[in-house]
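# Remarks on the overall topology
Listed below, chain by chain, are the residues.
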Amino acid sequence: MPAMDNEFPGLRAMLRGLSDAPAWYVGYSGGLDSTVLLHLLHDWSLHHAAPPLRAVHVNHGMQSSADTWAVHCADNCAALAVPLVTRTVSVTGGEAGARAARYAEFESCLGEGAILFLAHHLDDQVETFFLRLMRGAGVAGLAGIPERRALGVGMLARPLLDTPRVVLERYARRQRLSFVDDPSNADTGIDRNFLRTEVLPRLASRWPGYRQAVARAGAHMASADAMLRDALGVPPSVYSVTGDPGCSLEALVVRDSEAAAQRLRHWLRLQDCKAPDSASLREFVRQLAAASADAAPRLDAGSYVLQRYRGAVYRLPPQHDAAPAGSRSLPVGQRLHVAGVGQIALVPAASQGLALQAADTPHVTWRLGGERVHPARRGTSLTLKALLQERRVPPWWRDRVPLLYLGEELLAVGDLALCDSSRYRAAAATGETLWRLQWERFPGACD
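Everything numeric here is computed off the predicted structure, so don't read it as measured data.

## Points about the packing of aromatic side chains
Counted by the stated rule, this structure contains eight aromatic pairs. For the pair Phe8 and Tyr171, a centre-to-centre distance of 5.6 Å together with 90 degrees between the ring planes defines the contact as edge-to-face. You can see Phe8 sitting in the loop between helix 1 (2–7) and helix 2 (9–17) and its partner Tyr171 sitting in helix 8 (residues 165–175), a full 163 residues away along the chain. Across this residue pair, the class does not change: Phe8 and Tyr171 are buried. A centroid spacing of 6.1 Å and a plane angle of 55 degrees characterise the contact between Tyr314 and Trp396, whose relative ring orientation is tilted. You can see Tyr314 sitting in strand 11 (residues 312–316) and its partner Trp396 sitting in the loop between helix 13 (384–390) and strand 19 (403–406), a full 82 residues away along the chain. Geometry around Tyr103 places Arg99 over its ring, the cationic atom sitting 4.2 Å from the centre.

Laid out in structure tokens, this is it:
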């Protein structure tokens, strides 16, 4: 494979080290970069022992030709005999929202130890460096795009970060590859496109090797960031009962506010989150140190929110959607997707469940205020508000907990508590099937 030997040394080295993964995936948009990467990975698989390869295409629906692109991707994958997973998402929040939705779909595809390959290349790395520089980023931001990082239970890998885009273009011409071109790439109103078309060509005319120089500077920043992280430490991660990731408050409430801010930056970086600007972060750290025990300082960073709750600072998604309202039917065995809540379904339970029949018509609704709950096997009732506080449900989820009813009878409070109802069973009777409410919350992603 002379092309990979001579033009893609980083890719070859990475693939050799990842050959024992259970599966390989490639994020495939249909554009030049991902088309070249798909072709290279497929070619490698033909000549080497490699894990099963699949492509993942996420249709954001943000362009009028998005469906045509999806068909193009399906045709190309069929020609290569590479299985294609296509996901269609609904996007809010522009490009940041699209990225969050895309990475959430990528993560959902990966099993334990699986690898997702993305086609970011050297020019992407350079553009990211300058964009972050213009935003006043520190050493962590200027370290650039990481070559590898965790993604759910799998790993994300970018094997082309040392490869200029011109090499990909040359390879695509030589192999006669077919790819789509996003028309938004020509819009110089977008910062990255302005940098790519107006600024960087001027730098190249004066300093032809600027890409490699910027990459070296980014590597120096990454080394400095790692040393700073080792010196200050990273707050340990904790998780709320609803799955929100957070970090221990103890590590952030210290005398040296700059050290606290840096620790929080490092924790956010491990979450693949862009840290807020320095002034906002320092003010948030100051509020954490000064706030009373029952206060809840909050920082809106755009694509995510930080909020203090019960001895930790949690990262939660910005809840652009209003809290759900009304009632929605939830037939046995079906799945309900609710914006801002997640996926809800009634699934079989071995014990401690609800005796429901196919003819039953349970429904879900949400807190209005004043509800009382009688948890199973408890013997006493209490207000729903008190139950949610007792179970340590964070405030930002309390109006989003699905309440399962059959008629006027409350059967379950999310996946937090079954109620003492006519359908509650500790164990199934002969011929009965028990069900429980399964609630898969959407934790949100960072930009």
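From this point on, the discussion continues.
## Brief notes about unusual backbone geometry
If you check the backbone angles, Ala81 has positive phi at about 60 degrees while not being a glycine. Considering the arrangement of structural elements, one finds Ala81 in the loop between helix 4 (66–80) and strand 3 (84–88). What makes Ala81 exposed here is its relative accessible area of 67%.

## A few points about the environment of His220
When you line up the elements, His220 lands in helix 10 (residues 210–232). When the C-alpha atoms of His220 and Ile190 are compared, they prove to be 28 Å apart, with 30 residues separating the residues in sequence.

## A look at the pattern of salt bridges
Counted by the stated rule, this structure contains 20 salt bridges. A salt bridge links Glu7 to Arg170; the nearest nitrogen and oxygen atoms lie 3.2 Å apart. In this pair, Glu7 sits in helix 1 while Arg170 sits in helix 8, placing the two residues 163 residues apart along the sequence. Residue class for Glu7 comes out buried when judged on its relative accessible area of 17%. Between Arg211 and Asp123 there is a salt bridge, with its nearest N and O atoms 3.0 Å apart. Placement of the pair is Arg211 in helix 10 and Asp123 in helix 6 (residues 122–134), with a sequence separation of 88 residues. The class for Asp123 is buried, based on a relative accessible area of 13%.

Cut-off values and rules
- Residues numbered from 1 in each chain as written.
- Predicted model: local features only at pLDDT ≥ 70, side-chain atom pairs only at ≥ 80, totals over all residues.
- Heavy atoms only, no water.
- Phe/Tyr/Trp six-rings, centres within 6.5 Å; stacked < 30°, edge-to-face > 60°.
- Helix = DSSP H or I, 4+ residues; strand = E, 2+ residues; numbered from the N terminus.
- Buried < 20%, exposed > 50% of the residue type's maximum accessible area, 1.4 Å probe, protein only.
- Lys NZ or Arg CZ within 6 Å of the ring centre and 35° of its normal.
- Salt bridge = Lys/Arg side-chain N within 4 Å of Asp/Glu carboxyl O.

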